[in-house]
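Residue-level listing of the chains:
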Amino acid sequence: MAQEARNQEDNHEHKYRKQIVNRLARIEGHIRAVKEMTAEDRDCSEVLLQIAAVQKALDKAAKLLLKDHLENCVVKAVHHGNESKVLEDLNKALDNYIR
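Below or above, wherever it landed, is the structure these notes cover. Everything quoted here is computed from the prediction, not taken from an experiment.

### Quick notes on helix 3 (residues 44-79)
Argument step 1. A rise of 1.5 Å per residue sets the reference length of helix 3, with its 36 residues, at 52 Å; its end C-alpha atoms lie 51 Å apart and thus fit the reference within 8%.
Argument step 2. The principal kink in helix 3, of about 35°, is found at histidine 69.
Argument step 3. Listed as buried for helix 3 are Val47, Val54, Ala61, Leu64, Asp68, Asn72, Val74 and Ala77.
Argument step 4. Once helix 3 finishes, glycine 81 follows within two positions and takes phi at roughly 75°, a positive value.

### Some thoughts on the environment of arginine 26
Argument step 1. Position of arginine 26 relative to the elements: it lies in helix 2 (residues 17-39).
Argument step 2. In sequence terms arginine 26 and valine 54 are 28 residues apart; their C-alpha atoms lie 9.5 Å from each other.

Criteria and cut-off values
Residues numbered from 1 in each chain as written. Predicted model: local features only at pLDDT ≥ 70, side-chain atom pairs only at ≥ 80, totals over all residues. Heavy atoms only, no water. Helix = DSSP H or I, 4+ residues; strand = E, 2+ residues; numbered from the N terminus. Expected span 1.5 Å × (residues − 1). Bend = angle between axes of the 7 residues up to and from the residue. Buried < 20%, exposed > 50% of the residue type's maximum accessible area, 1.4 Å probe, protein only.

Dropping the structure here:
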């Protein structure tokens, strides 16, 4: 029950989550199409163009997730005095994402 209440609270605060999930669903379909293109022995330049499109779409989803995190999680943590932990976690995530 406590987990359910937390999930409802998180869903309320994360206003971009639905957009992110929708973007990821489109990316998932796009990936399947690229896989099929590759299996069908389509032209390499066409496949590379589609892979680049998928990478850009993933970057946009990540940017929206970061915006969501900054506007909600980081602000909430600062208000509750947990900024050092949230910043540490954010730095780890950024280090992994941007190499």
